[in-house]
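A closer look at the structure
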Amino acid sequence: MEKKKEFIINFVYYSCLLVILYLIIKYLLPLVVPFIIGFIIAFIVRKISIAIFGKPGQKRQIVVLCLFYSILLVILSVGSVIIVNQIKNINYAGIYSNYIEPAINIVYNNVVDLNEIFPANVANVLTQALSSIFDSLKSLLSQLSGYVVIFVTNLISSVPSTIITTIVVIVSSIYFVLDFKKVKEAVYNHLPKKMTMLIDDVIIFSRDNIFKILKAYGTIIIITFTELLIGFLILRINNSALLALMIAIMDILPIVGVGTALIPWFLIEIIMGQYWLGLGLLVIYVIITIVRNIIEPRLVGTNLGLPPLVTLIGMIVGLGLAGLVGMIGLPLLFAFIIYLKNKHIDISVEQH
């Protein structure tokens with residue numbers, strides 16, 4: 001009876017914690033993210049200053065901070081120029097005339113040939129079926145165009161908020177650099193001891209594991225890029241390296257993935273009669289999907305000290321709850337709980 005009661009209490013306790021965590025991630029986290037980023041930048045700048053100068057003086061930290069933002073600005077500027085130039089070089093008219101229009105003509109000619117191959121009744125049924133498919137495709141294209149318009153509109157409307165967020169990050173990082181000790185003391189003086197101990201544990205855990213997560217996903221990008229590059233080179237696709245890099249980066253994003261690029265590309269090539277190329281793209285997609293589903297839980301789980309199955313469950317549930325943040329955050333939470341449990345066991349052993 002006591003075990004059942006303890007189980008129910010623990011279940012309710014951890015369920016409440018998960019609900020509170022979900023509410024924090026969904027509603028509070030987006031508001032404080034700029035300040036968290038600012039604090040992380042200030043923390044990194046402080047560590048760099050100590051490594052370079054030996055002491056984290058304010059002037060030295062400001063110099064390092066300015067250097068950090070200067071390097072970041074250069075990287076973003078160069079990356080933006082490269083991306084814009086690549087987009088400008090795309091022959092959009094050629095995409096329609098070389099792919100879309102010929103594909104439509106091929107399908108239309110095949111429909112016309114049905115009247116000659118099959119009896120009239122069968123040809124009429126097939127023609128009606130294909131007509132329904134065409135109507136569905138038109139509706140799909142119309143919806144896609146609507147989504148594109150909405151995406152562009154949202155992108156434009158998000159520019160002011162992005163600018164404000166960037167300013168908040170920069171300003172907050174400056175204040176955190178200048179008043180790092182005061183901020184830390186103020187937080188620790190106004191919080192209960194258990195809470196400050198928890199913050200220390202979070203800082204230690206984050207310091208030891210965030211880089212491991214970034215390393216794991218960096219490895220996944222490199223593996224996906226390598227698979228794509230090898231496949232594209234075998235298929236003799238132009239600009240193989242650039243395409244492979246863009247699609248590999250897409251693969252990290254939830255829902256998007258490599259299928260967003262490879263599946264429509266595969267369908268167009270099949271319609272165009274490029275069966276070997278289309279089949280090659282499909283094979284690349286299948287291989288990448290299988291490899292990704294095998295290595296991701298193992299890489300992330302190994303770096304966090306979690307079993308692959310637990311990592312996979314955490315990633316799927318986290319993705320459903322909070323998107324990309326949840327996909328990365330929930331396995332981290334599982335690992336943090338295990339870290340606290342192991343720490344508690346170690347303390348108990350030391351005391352005995």
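Each remark here, short or long, concerns the structure printed above.
Quick summary incoming for the structure in this document. Computed from a predicted model, the values in this text were never measured in an experiment.

1. Some remarks on the overall build of the protein
Check the secondary structure of the protein and you find 10 helices and zero strands. Reading the protein from its N terminus to its C terminus gives the helix and strand order α-α-α-α-α-α-α-α-α-α. Sorting the 352 residues of the protein into buried and exposed places 21% on the buried side. Pairs at least 24 residues apart make up 60% of the contacts formed inside the protein by residues separated by at least 6 positions.

2. So, the packing of helix 8 (residues 259-271) against helix 9 (residues 275-304)
Where helix 8 contacts helix 9, the two axes come as close as 8 Å, and the packing angle between them is 160°. In terms of their interaxial angle, helix 8 and helix 9 are classed as roughly antiparallel. Both helix 8 and helix 9 take part in a crossing whose hand is left-handed. Residues G259, L262, I263, W265, F266, E269 and I270 of helix 8 touch helix 9, and the partners they reach there are Y275, L277, G278, L279, L281, L282, I284 and Y285.

3. Thoughts on the nonpolar core
Of all hydrophobic cores here, the largest spans 15 residues; its most connected members are I213, Y217, V300 and L304. Counting only elements with at least two residues in this core, the list comes to helix 6 (193-234), helix 9 and helix 10 (308-351). When near neighbours in sequence (up to four residues on either side) are disregarded, Y217 contacts I252, R292, E296, V300, M315, M327 and I328. Counting residues in each nonpolar core, the second largest holds 12 residues, with F232, I237, L262 and L281 among its members.

4. Points about the packing of aromatic side chains
Here the distance between the centres and the angle between the planes together describe a pair of aromatic rings. Counted according to the given criterion, the structure contains three aromatic pairs. For the pair F39 and F176, a centre-to-centre distance of 5.4 Å together with 85° between the ring planes defines the contact as edge-to-face. Highlighted residues: F39 in helix 1 (residues 2-53) and F176 in helix 4 (residues 120-178), separated in sequence by 137 residues. With a centroid separation of 5.6 Å and 55° between ring planes, the pair formed by F232 and W265 is classed as tilted.

5. Describing the environment of S49
Mapped onto the elements of the fold, S49 is located in helix 1. S49 gets classed as buried once you look at its relative accessible area, which sits at 0%.

So, how was this worked out
- Residues numbered from 1 in each chain as written.
- Predicted model: local features only at pLDDT ≥ 70, side-chain atom pairs only at ≥ 80, totals over all residues.
- Heavy atoms only, no water.
- Helix = DSSP H or I, 4+ residues; strand = E, 2+ residues; numbered from the N terminus.
- Buried < 20%, exposed > 50% of the residue type's maximum accessible area, 1.4 Å probe, protein only.
- Contact = heavy atoms within 4.5 Å.
- Axes fitted to C-alpha atoms, helices over the stretch in contact; angles between N-to-C directions.
- Parallel < 35°, antiparallel > 145°, perpendicular 65-115°, else oblique.
- Left-handed = near helix turned anticlockwise from the far one by under 90°.
- Core = buried A, V, L, I, M, F, W, Y, C linked by side-chain atoms within 4.5 Å.
- Phe/Tyr/Trp six-rings, centres within 6.5 Å; stacked < 30°, edge-to-face > 60°.

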